[in-house]
Amino acid sequence: MEGERKKLEKMYQELNKEDTNIKKWNQALIPKAVLLFPSLAFALTFLKINTDKSIIDLFGFLAISGLLVSGGIFLNYLLSKGR
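Per-chain numbering applies: the sequence of each chain, read as written, is numbered from 1 onward. Per-residue local features are limited, in this predicted model, to residues with pLDDT of at least 70; the limit for side-chain atom pairs, both in listing and counting, is 80 or more; totals at the level of whole chains, interfaces and linings are taken over all residues. The basis for every side-chain value is the complete set of non-hydrogen atoms in the structure, without hydrogens or water.

## Let's talk about the packing of aromatic side chains
- Pairing of aromatic side chains requires ring centres within 6.5 Å, counting the rings of Phe and Tyr and the six-membered ring of Trp. Pairs whose planes differ by under 30 degrees are stacked, by over 60 edge-to-face, and all others tilted. Scanning all chains against the criterion turns up 3 aromatic pairs.
- Arranged with centres 6.0 Å apart and planes meeting at 25°, the rings of Phe42 and Phe61 form a pair that is stacked. You can see Phe42 sitting in helix H2 (residues 29–49) and its partner Phe61 sitting in helix H3 (residues 55–81), a full 19 residues away along the chain.
- Between Phe46 and Phe61, the ring centres sit 6.0 Å apart and the planes meet at 20°, which makes this aromatic pair stacked. With a gap of 15 residues between them, Phe46 in helix H2 and Phe61 in helix H3 connect regions that are remote in the sequence.
- Burial status follows relative accessibility: with a 1.4 Å probe on protein chains alone, a residue under 20% of its type maximum counts as buried, one over 50% as exposed, and anything between as partly exposed. Classification of Phe46 by relative accessible area gives buried; the value is 13%.
- Residue Phe61 is classed as partly exposed on the basis of its relative accessible area, which comes to 43%.
- Among the aromatic residues, ring-to-ring pairing joins Phe42, Phe46 and Phe61 into one connected group. We count a stretch as a helix when DSSP gives it H or I for four or more residues in a row; a strand needs E for two or more, and each element gets its number in order from the N terminus.

See below:
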């Protein structure tokens, strides 16, 4: 029983000793905006230019594009694995 208590105290001290850097959601907003801007700009211009298209068409276009890119990456992996 005493050994378990010492182990738990040791773990508790190690956990408190570690320096955890937890960032708040509003820290580093500029990098987050830089990452999100191209996607938002594409979506808005897609819907602005293609007024007869809906948001479902946009998601379909992005899904097919993602599948094509993923397929290319997978083929590249298969071809480079053989070396």
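## Some words on a nonpolar patch on the surface
- Patch definition: residues above 30% relative accessible area lacking any salt bridge, with like charges linked at up to 9 Å and the nonpolar side chains Val, Leu, Ile, Met, Phe, Trp and Tyr linked at up to 5 Å. Here the Shrake-Rupley method, with its probe set to 1.4 Å, supplies the accessible areas, and only the displayed protein chains count as covering residues. Within this document, salt bridges are pairs made up of a side-chain nitrogen of Lys or Arg and a carboxyl oxygen of Asp or Glu, the two lying within 4 Å of each other. Judged by side-chain polarity, Phe42, Leu47, Ile55, Ile56, Phe59, Phe61 and Leu62 come together as a nonpolar surface patch covering roughly 660 Å² of accessible area.
- Of all the secondary structure elements, the ones that give two or more residues to the nonpolar patch are H2 and H3.
- No other element matches the 5 residues that H3 contributes to the nonpolar patch.
- Mapped onto the fold, Leu62 is located in helix H3.
- Accessibility expressed as a relative area gives 39% for Leu62, which makes it partly exposed.

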